[in-house]
Amino acid sequence: MVDLHAAVPGRTAGTLTGRYLLVLSDDLLADHDTARSAVAELTGLSEVTSSRDDTPGVHPTLFARLGVAVAELDPARLRTVRADRRVLSVEPERVLRALSGPGLSADYLRGFADAAGFLAERAAASETADAPVAARFADNDQVTWGLQATGADVAAETGAGITVAVLDTGLDLGHPDFAGRQIESRSFVDGQEVADVQGHGTHCIGTSCGPLAPGSGRRYGIAHEARILVGKVLGDDGSGTDAGILEGIEWAISSGAQVVSMSLGADLNEVSAAYENAGRRALDAGTLIVAAAGNNAERSTGNVGFVGVPANSPSIMAVAAVDAALAIADFSAASSAVEGGQVDIAGPGVDVYSSWPMPQRTNTISGTSMATPHVSGIAALWSQRTGARGRDLWTQLTQAAQRLPLPSGDVGAGLVRAPGR
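1. So, the overall build of the protein chain
Tallying secondary structure elements over the protein chain gives ten helices and 15 strands in all. In the protein chain, which comprises 421 residues, the share counted as buried stands at 59%. A separation of at least 24 residues holds for 79% of the contacts in the protein chain among residues at least 6 apart in sequence. Looking at the protein chain as shown, the accessible area adds up to about 16300 Å², and 49% of this sits on carbon and sulfur atoms.

Laid out in structure tokens, this is it:
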């Protein structure tokens, strides 16, 4: 049997694994033993492993806290399961990927220049030409532009007492900027350690929870005293399965995370019932899941894209990306018509400087992946200040967001903002 938790080179987002995700009814989950027996009956498995067993090296069939099971089903059993009232939904398991953007392409810059020229001409002809121009930000010797734009650089909060889980490609655990930090880690990719050789995870963790004063260069981290949970759910090729990601979410919740940051996804314009169930149950447990909206837009050519899985789940906060002029990034996906497919909030996501595996130490990259840890880090600051958790923390973030002169379908409530002094 193929081990679908293992990293397979060349997997693209949306690829099917051959297994299925079963979303179980809440009534069934009221009793764990009953749920386990039901999953055995539904799937035909002689033994059902549960996330509550917490057996090292054994991947669960049943994610008890999330109400989801994963299994291979032949066509006959698949029909039977779909007709069973104890199962709310059945969907194929897919591969998701890290969501880094293309950066500033020549087309993007030309499109930005054309748009800027158009706006300048319109402003000159308008009676309101004296209206304030959107602020511009830039990295300086002390701090990144993203921390300046969101007010994170002057926030009094540090993330102390708050746990942030980042589910990604892992972390360079030997990175000097994280020396002495409270870090717990686990790999959900068979055959691979937590060590990040891809870079994406180290970059995201750096933005959300990096140091106040890095050993060299400018400050790039927000919740610099938060406890960090590093969940490697994406392999060294940047891809991972739904089951591995759901296992990471379950681990984060059981480990006490108030915030879960996921800069990953697949370009699917439909809601996953499994991720929606996970997001809803996480909120019930006081955990907010934040996810990248996606990079499938190319706005310079008229393509606004759409929010993908899992960010399009109604109970998962979808994050768009803006640039240093607080304009929507060319690649940042717009809201779609599916239920829950709206962008909820925006964060800095273009030319973001953060940590990177040694010996390089730092790197500057773009994507809604980079916007997402700005939101998760700032969520930790708000959680520290107000004690807000789950749905209350979601409301806190959207109410505090800076409104932008852009459609809500692009940026949701606006630019995420840290607590003021």
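Once you've had a look at it, read on.
2. What to know about the nonpolar core
Counting 50 residues, the largest nonpolar core has Leu-66, Ile-245, Leu-246, Ile-249, Val-260, Met-262 and Tyr-275 as its most contacted members. Here this core gets seven residues from one element, more than from any other, and that element is helix 6 (residues 242-254). Beyond its immediate chain neighbours, meaning those up to four positions away, Tyr-275 contacts Leu-96, Asp-242, Ile-245, Leu-246, Ile-249, Val-309, Pro-310, Ser-313 and Ile-316. Grouped together as the second largest cluster of nonpolar side chains are 48 residues, Ile-228, Met-370, Ile-378 and Val-416 included.

3. Structural notes on the sheet that holds strand 6 (residues 183-187)
Taken in spatial order, the seven strands make up an open sheet running 6-7-5-9-11-12-13, and their pairing is parallel. The open sheet has two free edges, formed respectively by strand 6 and strand 13 (345-348), since each of these has just one partner strand. This sheet shows a mean twist of 25 degrees between the axes of neighbouring strands, independent of strand direction. Sitting on the sheet, helix 9 (residues 390-400) touches strand 9 (259-262), strand 11 (288-292), strand 12 (317-322) and strand 13, and the angle it makes with strand 11 is about 50 degrees.

4. Quick look at the packing of helix 5 (residues 200-209) against helix 8 (residues 368-386)
Between helix 5 and helix 8, the shortest axis-to-axis distance is 7 Å and the interhelical angle comes to 35 degrees. Helix 8 is crossed by helix 5, and the crossing has right-handed handedness. Across from His-200, His-203, Cys-204, Thr-207 and Ser-208 in helix 5, the residues of helix 8 making contact are Ser-369, Met-370, Pro-373, His-374, Ser-376 and Gly-377. Each residue belonging to the contact of helix 5 with helix 8 can be placed in one class, and the counts come to three nonpolar, eight polar and no charged.

5. Considering the side chain of Ser-366
Within the fold, Ser-366 resides in the loop between strand 15 (362-365) and helix 8. There is a polar contact of 2.8 Å between the side chain of Ser-366 and the backbone nitrogen of Asp-351.

6. Looking at the packing of aromatic side chains
Tallied over the full model, the rule gives two aromatic pairs. A centroid spacing of 6.1 Å and a plane angle of 70 degrees characterise the contact between Tyr-220 and Tyr-353, whose relative ring orientation is edge-to-face. Of this pair, Tyr-220 sits in the loop between helix 5 and strand 7 (227-232) while Tyr-353 is found in strand 14 (residues 352-355), placing the two residues 133 residues apart along the sequence. Overall, Tyr-353 belongs to the buried group, its relative accessible area being 10%. Just above the ring of Tyr-353 sits the side chain of Arg-218; from NZ or CZ to the centre is 4.2 Å.

7. A few points about the pattern of salt bridges
A full pass over the atoms with the stated rule returns 15 salt bridges. With a closest N to O distance of 3.2 Å, Glu-41 and Arg-86 form a salt bridge. Here Glu-41, found in helix 1 (residues 32-43), pairs with Arg-86, found in the loop between helix 2 (75-83) and strand 4 (87-98); they are 45 residues apart in sequence, far enough to count as distant. With a relative accessible area of 24%, Arg-86 lands in the partly exposed category. One network of salt bridges, with partners in common, ties together Asp-26, Arg-280 and Arg-281.

8. Details of the pairing of strand 3 (residues 68-71)
Here strand 3 shows two buried faces, one formed by Val-68 and Val-70 and the other by Ala-69 and Ala-71. Across four bridges, strand 1 (residues 16-24) lies against strand 3 in antiparallel orientation. Looking at strand 3, one finds that Tyr-20 is bridged to Ala-71. The sheet contact formed by strand 2 (residues 62-63) and strand 3 spans two bridges and is antiparallel. Pairing of Leu-62 across the sheet is with Ala-69, part of strand 3.

9. Comments concerning the packing of helix 8 against helix 9
Where helix 8 contacts helix 9, the two axes come as close as 10 Å, and the packing angle between them is 110 degrees. Considered as vectors, helix 8 and helix 9 are oriented roughly perpendicular to each other. Residues Val-375, Ile-378, Ala-379, Trp-382, Ser-383 and Thr-386 of helix 8 form the contact with helix 9, whose participating residues are Leu-393, Gln-396, Leu-397 and Ala-400. Classifying every residue of the contact of helix 8 with helix 9 gives seven nonpolar, three polar and no charged.

10. Here's the deal with the pairing of strand 4
Regular strands have side chains that alternate between both faces of the sheet. The buried fraction of strand 4 amounts to nine of the twelve residues, a majority that puts the element mostly inside the structure. Pairing of strand 1 with strand 4 involves six bridges; the strand directions are antiparallel. Opposite Tyr-20, over in strand 4, you have Pro-92 as the bridge partner. Relative to strand 10 (residues 264-265), strand 4 is paired through two bridges, and the arrangement is antiparallel. By the bridge assignment, Ala-98 is partnered in strand 10 with Leu-264.

11. Some points on helix 1
The first and last C-alpha atoms of helix 1 sit 16 Å apart over twelve residues, in line with the 16 Å expected at 1.5 Å per residue. Of all the residues in helix 1, the buried ones are His-32, Ala-35, Ala-38, Val-39, Leu-42 and Thr-43. All buried residues of helix 1 lie within an arc of 120 degrees about the axis, which places them on one face of the element. Exposed positions of helix 1 whose direction lies more than 90 degrees from the buried face are Asp-33 and Glu-41. N-capping of helix 1 is provided by Asp-31, with a side-chain oxygen placed 3.3 Å from the backbone N of Asp-33. Just beyond helix 1, the residue with positive phi is Gly-44, at close to 80 degrees.

Cut-offs used in this document
- Residues numbered from 1 in each chain as written.
- Predicted model: local features only at pLDDT ≥ 70, side-chain atom pairs only at ≥ 80, totals over all residues.
- Heavy atoms only, no water.
- Helix = DSSP H or I, 4+ residues; strand = E, 2+ residues; numbered from the N terminus.
- Buried < 20%, exposed > 50% of the residue type's maximum accessible area, 1.4 Å probe, protein only.
- Contact = heavy atoms within 4.5 Å.
- Areas by Shrake-Rupley, 256 points an atom, 1.4 Å probe, with all protein chains shown as cover.
- Core = buried A, V, L, I, M, F, W, Y, C linked by side-chain atoms within 4.5 Å.
- Pairing = 2+ DSSP bridges.
- Axes fitted to C-alpha atoms, helices over the stretch in contact; angles between N-to-C directions.
- Left-handed = near helix turned anticlockwise from the far one by under 90°.
- Nonpolar A, V, L, I, M, F, W, Y, C, P; charged D, E, K, R; others polar.
- Polar contact = N/O pair within 3.5 Å; in protein donor to acceptor, adjacent residues only side chain to side chain.
- Phe/Tyr/Trp six-rings, centres within 6.5 Å; stacked < 30°, edge-to-face > 60°.
- Lys NZ or Arg CZ within 6 Å of the ring centre and 35° of its normal.
- Salt bridge = Lys/Arg side-chain N within 4 Å of Asp/Glu carboxyl O.
- Parallel < 35°, antiparallel > 145°, perpendicular 65-115°, else oblique.
- Expected span 1.5 Å × (residues − 1).
- Arc of directions from axis to C-beta.

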